[in-house]
Amino acid sequence: MPARRVTLLLALGILVLLIIASVYPLLKTVAAPALQDTPAATAPVTPTPEPAPAATQPPTGNLSIADEVCLGCHGQPGQNMTLQNGDILELYVPAEMHQGSIHGQLGYACVQCHTTVGEYPHPSFSATDRRNVTEQLNEVCTRCHRQQNDFAKDSAHEAARARGVREAALCVDCHTAHEVRQLHDPRTGQLLEDVKTWIPERCALCHNAIYQKYQGSVHGSALSEGNPDVPTCIDCHGVHNIADPRTNSFRLKSPEVCAKCHTNPVLMSKYGLSTAVLDTYVSDFHGQTVALFEKQSPDAQVNKPVCYDCHGVHDISRVDDPHTGLEMQQNLLARCEVCHPDATTNFSAAWMSHYIPSPQNYALVYYVNLFYKFFIPITLGGMTLLVVMDASRMLINRARQRRKTARQATQTAPGAEPVIDMRIPALADTAATGTPVTPQPAEVEASVVSPPVNTEQPESTGIEEKAETQSNAPDQPASEPPDGANSSDSEVEHG
Amino acid sequence: MDNLISVADHPATTKPVATQSYERFDIFERIEHIIFLASFSILGLTGLVQKFSASPFSLFVMQTLGGIEGTRRIHHIAAFLMMWVTVYHIIAVLYRVFVLRVQWTMMPLLDDFTHLFQDIAYYLGFRKHKAYYGRYNYAEKVEYLAVVWGTIIMGITGFMMWNPITTAKYLPGEAIPAAKAAHGGEAILAVLAIIIWHMYHVHLKRFNKSMFTGKITHEEMEEEHPAELKVIETDAGWQRPAPQVIRRRQRTFIPVAAVMALVLSWGVIQFVTVEPSTALTTIPKGETVAVFVPITPTPRPTTTPKPTAEVVAGASSNSWDGNYSALFSNRCGTCHGRTAVSGLNLSTYQDALKGGSRGPAIVPGNPDASLLVQVQSAGSHPGQLTIDELNQVIEWILGGAPEK
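Conventions and cut-offs
- Residues numbered from 1 in each chain as written.
- Chains lettered and ligands numbered in written order.
- Predicted model: local features only at pLDDT ≥ 70, side-chain atom pairs only at ≥ 80, totals over all residues.
- Helix = DSSP H or I, 4+ residues; strand = E, 2+ residues; numbered from the N terminus.
- Buried ≥ 20, exposed ≤ 12 C-beta atoms within 10 Å, placed from the backbone.
- Contact = placed C-beta atoms within 7 Å.
- pLDDT = per-residue confidence, 0-100.
- Arc of directions from axis to C-beta.
- Axes fitted to C-alpha atoms, helices over the stretch in contact; angles between N-to-C directions.
- Parallel < 35°, antiparallel > 145°, perpendicular 65-115°, else oblique.
- Left-handed = near helix turned anticlockwise from the far one by under 90°.
- Nonpolar A, V, L, I, M, F, W, Y, C, P; charged D, E, K, R; others polar.
- Core = buried A, V, L, I, M, F, W, Y, C linked by C-beta atoms within 7 Å.

Engineer: Please clarify how the overall build of chain A should be interpreted in this entry.
Structural biologist: Secondary structure summary: chain A contains 27 helices and two strands in total. Buried positions account for 26% of the 495 residues belonging to chain A.

As structure tokens, this is what we get:
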């Protein structure tokens, strides 16, 4: 019988394991797409926006047409088309341009993107202007890069497009049409080194003022010196699903964006930077508020500063920069005054500048904390000790009393079972005799009234036990076993 | 926690009767205790959830109370309430001290230490009895002193956090985070002391209702305050002064107390209003530059110059070899070259004369019959010649379209 049960249990266990094993990869694949494009989830050093382009849908069209056929015409300069508004659309694609792109390298043919123009003569094509050509052809990318396109659909660019901003970026605005670059090392999934500098340049095509600021920042200037550790646009803004950074939710989430790198000990140790910046921020009034809002109402407007309110947005400077560095109290104060117009010189030191209090930095805070570190356990420890002693004494006395009454019960009625009375002895007695409370205390009182007279003198002076025996004559016998239950009652009562 | 400075002002009892109960706390003290208890509990809850804001319990509480801002508001209201109770308490104590002239039974004395040692001896089994306490035992005195100490610390540090700009005018900025540290440490101490000390002595050990009923029985007196009972029974204690004495003292006390009450009230009001706006409510603007500033697009690379047509030596400029072979190759060659769209191939003179599927492209001497001229004259052909070029072609055809 037990053997059968064991096998049954084993079988059940294996079944459960199998179910978990089969569901697990499913869960992983479900979770994967979300991770892929969200920079927050990627490695902090060099985020991988998309590990590898996935061919989601096989290209259609007449694949028998070789690139040479197309290039026979389009490989020659001077191929132009006049659009409806007079814009000239150049139809010249130098052979080496396409061949140098990642698509050309992988052997993709013209007609795999330009599926409608494989036959000759080409079907008629008309566009209102050059932008309209891009708009019409954008869907071409989706055939293979659906996932990226889906992400882009959630972007601020797409939202702007929906509002009628035609300049809002489409695939080719960043990636180019015929010069699409390889962005990742296929083996590591990491961005290629030279792509790092290329990315801000692409964004700069539309966001040049921001790019100019970025180039002057601690991050941007390091990038131009060839430092691959610093963040580029996409590290903070994401890749395809670039969120509008002007929303409340972006603002509340932004400390985590900075923390991605600034809490990474490997990366920060290279530059001697603290990784405690997030913790110290969140344990302060501002950061705590922001962190709570981020958790509880991420869309709310909060007037407490986030990292970039003090450190700058695209023009983040070194903290030891003499003009803007927050290490200088006067620079910091200027930042405080943005929100606290009445702030005076001392005020800026109320912010602990990401320091963990120590005897060197913010010593006062350190010593206050140190004081309570000892004061709390000593005070509470003393209290607890007294409480435990008091309670133990009370329980010991009660247990003794119970044993005594039980013993007496067996003595008075030998045949009867010992009655264990859990109640307070005084009450138990009255209940047993059925008499009201009144008569009992009269007796007890007699024993209690006398002592106060002696409280001060004999007990504090002489040997405790001796004083006790003298002063508390009526109670004295209580401790002696042969005496009656009455007196022992009162002893317990005092406990 | 709110054990008030003592008032041994029970009505002096005549004769000890077993059933007798004594008034331990008058109605004002009881109300004061309830208000203090309420504000303390609210402050403790709303404060500690802020201190430990990352815990799920804190998040739940804060969510219930309207988020962190709501929690802070409730904390401030409760603090305001506690400050008023404190003001009231100060004046009430002064009344007892100067008008009723009660004994200072809450004052810690050497006896309290003696009692403590006696109790420890009792716990360890060296004594048969606990110490004989007076009106307030050391446990109660410790609690009262803790409240006094705690209220002072919490009041000062609370002010500093509530009004940081005002504080920084007089103190170094560092004092504000230090105040926060002390406020938090003191809060933990106070709340845990209540849970360990107060709960045990007043609720667990025996549920002592006297703070709510105001009464204490004779039995309880014997048990917990035997020394006080003795004093009461022997009439050795404090006696209420005669009404006329009280009235005389009140004449000086009331104006002084009124002034004090005003000053303290002003202090409380100042506490909450001295800094009406610590920070702007508007959100600082993050990025100040324009978002969309496109780089002026680089002009498209100028079309690579057409290769100079190789002029056959000796050929006239107005001939196929001299001009038109190159022109057609550049303008039309894409389609009408190797791929010979519509059968028309303009790469050689012979093919050009032959024409495409629709007929000869060039009929020497007759431009009107030449399909090339017809198509080009209609315009909008993919490889459109300019007017000048077309006129030249017409000239050339009229001249018999010479090859050389």
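After that view of the structure, there is still more to cover.
Engineer: Looking at this model, I keep getting lost on the overall build of chain B. Mind explaining?
Structural biologist: Within chain B one finds 15 helices and two strands. Taking the contacts inside chain B whose residues are at least 6 apart along the sequence as the reference set, 67% of them involve residues at least 24 apart.

Engineer: Hey, could you run me through the confidence of the model for chain A in this one?
Structural biologist: It should be kept in mind that the predicted coordinates are not to be read in detail where pLDDT is low. All names here are of chain A. In the predicted model, chain A carries a mean pLDDT of 78, and 71% of its residues have values of at least 70. Every residue in residues 25-62 is under pLDDT 50, and counting partners more than four places away or in other chains gives 66 contacts. Counting contacts from residues 418-495, a segment whose pLDDT is below 50, to residues more than four positions away or on other chains yields 97 contacts.

Engineer: What am I meant to see in helix α2 (residues 67-74) of chain A here?
Structural biologist: Residue pairs spaced three or four apart in an α-helix point in one direction, given the helix's 3.6 residues per turn. Residue and element names in this part refer to chain A. Within the span of α2, buried status applies to D67, C70, C73 and H74. Take α2 and look down its axis: the buried residues cluster within an arc of 135 degrees, on one side only. Each element contacted by the buried residues of α2 is listed here: α5 (110-113).

Engineer: Please explain the environment of F25 of chain B as it appears in this structure.
Structural biologist: Its location among the elements puts F25 of chain B in the loop between β1 (21-23) and α1 (27-51). Considered as a pair, F25 of chain B and K215 of chain B are 190 residues apart in the sequence and their alpha carbons are 7.1 Å apart.

Engineer: Mind showing me how you'd approach the packing of helix α15 (residues 248-262) of chain A against helix α18 (residues 285-296) of chain A here?
Structural biologist: Relative placement of two packed helices is described by the angle separating their axes and the distance separating the axes. All names here are of chain A. As a packed pair, α15 and α18 sit with axes 9 Å apart at the nearest point and diverge in direction by 115 degrees. Of the possible angle classes, the one that applies to α15 and α18 is roughly perpendicular. Crossing hand, α15 versus α18: left-handed. In this structure, α15 uses L252, K253 and P255 to contact α18, whose residues at the interface are G287, V290, F293 and E294. For the contact of α15 with α18, a count of residues per class yields four nonpolar, one polar and two charged.

Engineer: How do you make sense of the nonpolar core when you look at a structure like this?
Structural biologist: The nonpolar side chains of a soluble globular protein tend to be buried with one another. Core analysis: the largest hydrophobic core is formed by 23 residues, its most contacted members being F347 and A350 of chain A together with I176, A178 and A179 of chain B. Among the elements of the structure, α20 (329-339) and α21 (363-412) of chain A together with α5 (138-162), α6 (164-170) and α7 (175-204) of chain B are those that each provide at least two residues to this core. Examining the composition of this core, we find that six residues originate from one element, α7 of chain B, more than from any other. Excluding its chain neighbours within four sequence positions, the residues that come into contact with F347 of chain A are L333, C336 and H340 of chain A together with P164, I165, A168 and G173 of chain B. Formed by 16 residues, the second largest nonpolar core is a distinct cluster that contains W320, L372, W396 and A401 of chain B.

Engineer: Looking at this structure, how should I read the confidence of the model for chain B?
Structural biologist: Per-residue pLDDT for chain B averages 87, and the proportion of residues at 70 or more is 88%. Across residues 1-16 of chain B, confidence stays below pLDDT 50; counting only partners more than four residues off in sequence or on other chains, it has 50 contacts.

Engineer: Teacher, can you tell me more about the environment of I156 of chain B here?
Structural biologist: Residue and element names in this part refer to chain B. For I156, the location among the structural elements is in helix α5. On the basis of neighbour counts, which here come to 13 C-beta atoms within 10 Å, the residue I156 falls in the partly exposed class. For the pair formed by I156 and Y144, sequence separation is 12 residues and the distance between their alpha carbons is 18 Å.

Engineer: Is there a simple way to explain unusual backbone geometry in this structure?
Structural biologist: With the exception of glycine, the majority of residues adopt a negative phi angle, and the majority of peptide bonds are in the trans configuration. Residues and elements named next belong to chain A. Non-glycine residue H354 carries a positive phi angle of around 65 degrees. Inspection of the secondary structure puts H354 in the loop between α20 and α21. Within the chain, Y362 stands out as a residue other than glycine whose phi angle is a positive 55 degrees. Mapping Y362 onto the fold places it in the loop between α20 and α21.

Engineer: What am I meant to see in the packing of helix α3 (residues 67-100) of chain B against helix α11 (residues 243-273) of chain B here?
Structural biologist: Residues and elements named next belong to chain B. Put simply, α3 and α11 touch, their axes get as near as 10 Å, and they point 160 degrees apart. With respect to their mutual orientation, α3 and α11 come out roughly antiparallel. When the axes of α3 and α11 are compared, the crossing they make is right-handed. Contacts from F80, M83, W84, V87, I90, I91, L94, Y95, F98 and V99 in α3 reach I246, R249, Q250, F253, A257, M260, A261, L264, S265, V268, F271 and V272 in α11. Class assignment for the residues of the contact of α3 with α11 results in 19 nonpolar, two polar and one charged.

Engineer: Where do I start with the environment of L278 of chain A in this structure?
Structural biologist: Residues and elements named next belong to chain A. Note that L278 resides in helix α17 (residues 277-282). In the structure, L278 is positioned 16 residues away from H262 in sequence and 7.8 Å away in space, judged by C-alpha atoms. Setting aside its immediate chain neighbours within four residues, L278 contacts P255, A259, H262 and T263.

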